[in-house]
Amino acid sequence: MSVTTFCHFIANRFVQSASERHFEKFSPVDGSLVGTVAEGGQPEVDLAVQAATAALEGPWGRLTLAQRTDMLHAVAREIDRRFDDFLDAEVNDTGKPRSIASHVDIPRGAANFRVFADAVKNVPTEFFEMTTPEGRKAYNYSLRVPRGVIGVICPWNLPLLLMTWKVAPALACGNTVVVKPSEETPATATLLGEVMQAVGVPPGVYNVVHGFGPGSAGEYLTRHRGIAAITFTGETGTGGQIMQAAAEGTRPVSLELGGKNPAIVFADCDLEAAVAGISRAAFLNTGQICLGTERVYVERPVFERFVAALRDKAQALKPGHPSDKSTGIGPLISIEHRDKVLKYYRRAVADGATVVCGGGIPNMPESLASGAWIQPTIWTGLPETSSVIRDEIFGPCCHIRPFDTEDEAVRLANDTPYGLAATAWTRDVARSFRLGASINAGIVWINSWFLRDLRTPFGGSKQSGIGREGGVHSLEFYTDLRNVCVST
Ligand code: NAD
Ligand code: 6OD
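Residues numbered from 1 in each chain as written. Chains lettered and ligands numbered in written order. Predicted model: local features only at pLDDT ≥ 70, side-chain atom pairs only at ≥ 80, totals over all residues. Heavy atoms only, no water.

## Remarks on the site of ligand 2
Consideration 1: Around ligand 2 lies a shell formed by Arg108, Asn157, Leu158, Leu162, Trp165, Glu256, Ile289, Cys290, Leu291, Phe450, Arg452 and Phe458.
Consideration 2: At a separation of 2.9 Å, an oxygen atom of ligand 2 approaches a polar side-chain atom of Arg108.
Consideration 3: Asn157 is positioned such that a nitrogen or oxygen atom in its side chain is 2.8 Å from an oxygen atom of ligand 2.
Consideration 4: Notes on ligand 2: free accessible area 300 Å², of which the protein chains cover 99%.
Consideration 5: Across the shell around ligand 2, the residue classes break down as eight nonpolar, one polar and three charged.
Consideration 6: Structurally, the shell around ligand 2 is a two-domain feature, drawing no fewer than three residues from each of domain 1 (4-257 + 464-487) and domain 2 (261-453). (Near = heavy atom within 4 Å. Polar contact = N/O pair within 3.5 Å; in protein donor to acceptor, adjacent residues only side chain to side chain. Areas by Shrake-Rupley, 256 points an atom, 1.4 Å probe, with all protein chains shown as cover. Nonpolar A, V, L, I, M, F, W, Y, C, P; charged D, E, K, R; others polar. Domains from an automatic or database assignment.)

Spelled out as structure tokens, the structure:
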């Protein structure tokens, strides 16, 4: 793997920090140096916001809707054309198996641009004909106008997917963006700059400033008064800090935050399908998916069978190099994140868990021994008060507990400060509808997981977020609604 330099992308140019400050990015696979990354400070954020503001008034702001959406379709085609470059970049940063990045991350990067380019062409506006007191005609209607420069702050778990999930609708609505990718995953946001150049997106429409959160590019971006609105995906605690920053200037925020998502397995379900689905929900992307399952409630008659079958799935996941086709699970994003996950592995034991499988670090060949590897882990027997059950761990692990009635299962599922997602498995159609209504989460999957039409609302309840994105809901966040009344 060659060592790369990741620059900021401002006004369609790749630039280093004025101070030449940079930080290093290491591979979670083997600890080797992936690249050096420019660290942005206030000057780089200022430049990026200036460029983005100028673009709004310049050629970008003058494009027709059709020209703008054609350009976003061209971005999608260029991502497809450079699929392998995006794949290499994402895999180098995250260590995830190529099979996952090629089926999940990169295709969604392109799809996000297509979906929102089409969605924005189909938004109806209100229009009312009136009569003035003098008897003349008046026409009262609403216009959707871009908000301005949008600050986009991203996490590291699905870097291209989650960044484009916000950049695509923001641009489709005519805004410009300044993106702060996660310090752990600078590559695909940088590469997207090359795509923007290649398809002729005007300078300043898409900008990237690298760096960290507090006291670095993230904080400077969210505090910058040239930013009209902030869209953020990441931890709940960080979301609170960003909300405080946005309060200066009363700027709107869209927050997609953490979760502690339940799965409920009823005895009447297709057990094989439930085991396969929950295995994906708990272990895909090494458990680093906000929608993933960390709490499983299983109806007592099938509890033992379910635990044994999920254990077999977990044990079959072979850790290995991303390019190895037999690899079933990659490393965590970093050694620091692994330390956090391992703390919960130890806490589970201290709190009296039975470790069904895993619980530690797997033996890896010497060439991979410095990576952030971890075993997929299943526990039973923990009290619901344990921090292992209460906190989001964001690793490949889950706790399984038996239940006796639907009411009990729903009560347990809802007993969390989070409300992002849930998955339930049953063949009882009436029960499916009851669960859809009674589980308090932004998305409730029945006999499925991570399956969604991108036009539907996505977001979290309770501490899992504020607002909804997806389809028309994204367009609502990324536009301001103006009321115009014309008297003839
Ligand atoms: P994080 O909150 O630590 O960081 C996210 C981003 O915010 C990074 O770019 C970071 O540099 C930046 N940041 C940190 N502090 C900041 C501050 N004070 N001001 C401005 N920017 C700041 O999250 P993470 O560890 O990168 O990602 C994992 C978390 O993201 C998990 O909690 C996961 O559940 C959540 N997540 C949620 C969703 C969702 O859709 N709800 C999706 C993916 C991940
Ligand atoms: O699929 C999406 O649009 C989405 N926002 C997924 C979030 C996954 C969290 O890790």
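## Some thoughts on the nonpolar core
Consideration 1: One finds Phe113, Leu192, Tyr206 and Leu291 to be the most contacted residues of the largest nonpolar core, which totals 68 residues.
Consideration 2: Counting residues domain by domain, this core receives three or more from each of domain 1 (4-257 + 464-487) and domain 2 (261-453).
Consideration 3: Judged by nonpolar contacts, the second largest core, of 28 residues, contains Tyr297, Tyr345, Val410 and Leu412. (Core = buried A, V, L, I, M, F, W, Y, C linked by side-chain atoms within 4.5 Å. Buried < 20%, exposed > 50% of the residue type's maximum accessible area, 1.4 Å probe, protein only.)

## Quick notes on the sheet that holds strand β4 (residues 22-26)
Consideration 1: With mixed pairing, the three strands of this open sheet are ordered in space as β1-β5-β4. Looking at which strands have only one partner, the edges of the open sheet turn out to be β1 (4-6) and β4. When the angles between neighbouring strand axes are averaged without regard to direction, this sheet yields 25 degrees.
Consideration 2: Where β1 and strand β5 (residues 33-38) come together, three bridges link them in parallel fashion. Looking at the pairing, Thr4 lines up with Gly35 of β5. (Pairing = 2+ DSSP bridges. Helix = DSSP H or I, 4+ residues; strand = E, 2+ residues; numbered from the N terminus. Axes fitted to C-alpha atoms, helices over the stretch in contact; angles between N-to-C directions.)

## Quick look at the sheet that holds strand β6 (residues 127-131)
Consideration 1: With antiparallel pairing, three strands are arranged side by side in an open sheet as β6-β7-β23. The open sheet has two edge strands, β6 and β23 (479-487), and neither has a second partner. Direction aside, the axes of adjacent strands within the sheet are offset by 25 degrees on average.
Consideration 2: Sheet topology note: the β6/strand β7 (residues 137-146) ladder contains five bridges and is antiparallel. Within β7, the position partnered with Met130 by the bridge is Ala138.

## Quick word on the site of ligand 1
Consideration 1: Near ligand 1, the surroundings consist of 30 residues, among which Lys180, Glu183, Thr238, Leu257 and Glu392 are the closest.
Consideration 2: The separation between an oxygen atom of ligand 1 and a polar main-chain atom of Gly234 is 3.5 Å.
Consideration 3: One of the side-chain nitrogen or oxygen atoms of Glu392 is found 2.5 Å away from an oxygen atom of ligand 1.
Consideration 4: Looking at the shell around ligand 1, the elements that each hand over two or more residues are α8 (217-223), β11 (229-233) and α9 (236-247).
Consideration 5: In terms of residue count, α9 provides more of the shell around ligand 1 than any other element does, three residues in total.
Consideration 6: For the shell around ligand 1, the residue count by class is 15 nonpolar, nine polar and six charged.
Consideration 7: When residues of the shell around ligand 1 are assigned to domains, at least three fall in each of domain 1 (4-257 + 464-487) and domain 2 (261-453).

## Notes on the pairing of strand β12 (residues 253-256)
Consideration 1: Of the two faces of β12, the one holding Val253 and Leu255 and the one holding Ser254 and Glu256 are both buried throughout.
Consideration 2: Bridge count between β11 and β12: four bridges; the pairing is parallel. Opposite Thr233, over in β12, you have Glu256 as the bridge partner.
Consideration 3: Handedness of the crossover joining β11 and β12 through α9 is recorded here as right-handed. (Right-handed = clockwise from strand over helix to strand, strands pointing away.)

## Looking at helix α7 (residues 187-199)
Residues spaced three or four apart along an α-helix face the same direction, because each turn holds 3.6 residues.
Consideration 1: With 13 residues, α7 extends 19 Å from end C-alpha to end C-alpha; this agrees with the ideal 18 Å at 1.5 Å per step.
Consideration 2: Phi turns positive, to about 85 degrees, at Gly200, one or two residues after α7. (Expected span 1.5 Å × (residues − 1).)

## Quick notes on the packing of helix α3 (residues 65-81) against helix α6 (residues 159-172)
Two packed helices can be described by the angle between their axes and the distance between those axes.
Consideration 1: Look at α3 against α6: their axes get within 10 Å of each other, and the N-to-C directions meet at 160 degrees. The pairing of α3 with α6 is recorded here as roughly antiparallel in orientation. Between α3 and α6 the crossing geometry is right-handed. Taking contact as the criterion, the partners of Leu65, Arg68 and Leu72 in α3 are, on α6, Ala168, Leu171 and Ala172.
Consideration 2: Residues of the contact of α3 with α6, tallied by class, amount to five nonpolar, no polar and one charged. (Parallel < 35°, antiparallel > 145°, perpendicular 65-115°, else oblique. Left-handed = near helix turned anticlockwise from the far one by under 90°. Contact = heavy atoms within 4.5 Å.)

## Some remarks on the packing of aromatic side chains
Consideration 1: Here the structure, examined in full by the defined rule, presents 13 aromatic pairs.
Consideration 2: Relative to Phe212, the ring of Phe23 has its centre 4.5 Å away and its plane inclined at 50 degrees; by these criteria the two rings are tilted. Separated by 189 residues along the polypeptide, Phe23 in strand β4 and Phe212 in the loop between β10 (206-208) and α8 bring together distant segments of the chain.
Consideration 3: Residue class for Phe212 comes out partly exposed when judged on its relative accessible area of 29%.
Consideration 4: Pairwise contacts between aromatic rings join Phe9, Phe14 and Tyr206 into one cluster. (Phe/Tyr/Trp six-rings, centres within 6.5 Å; stacked < 30°, edge-to-face > 60°.)

## Thoughts on the domain arrangement of the protein
Consideration 1: Taken domain by domain, the protein consists of domain 1 (4-257 + 464-487) and domain 2 (261-453).
Consideration 2: When each unit is reduced to the centre of its C-alpha atoms, the spacing between domain 1 and domain 2 is 31 Å.
Consideration 3: Counting the surface domain 1 buries against domain 2, the share from its top three residues, Val29, Trp156 and Ser464, is 27%.
Consideration 4: At the boundary of domain 1 and domain 2, one finds zero salt bridges.
Consideration 5: Taken together, the connections running from domain 1 to domain 2 amount to eight residue pairs in polar contact (both at pLDDT 80 or more).
Consideration 6: Among the elements of the structure, α4 (83-94) and α5 (98-119) are those that each provide at least two residues to the side of domain 1 that touches domain 2.
Consideration 7: Grouping the constituent residues of the side of domain 1 that touches domain 2 by class yields nine nonpolar, seven polar and nine charged. (Buried area = accessible area lost by both parts, 1.4 Å probe. Salt bridge = Lys/Arg side-chain N within 4 Å of Asp/Glu carboxyl O.)

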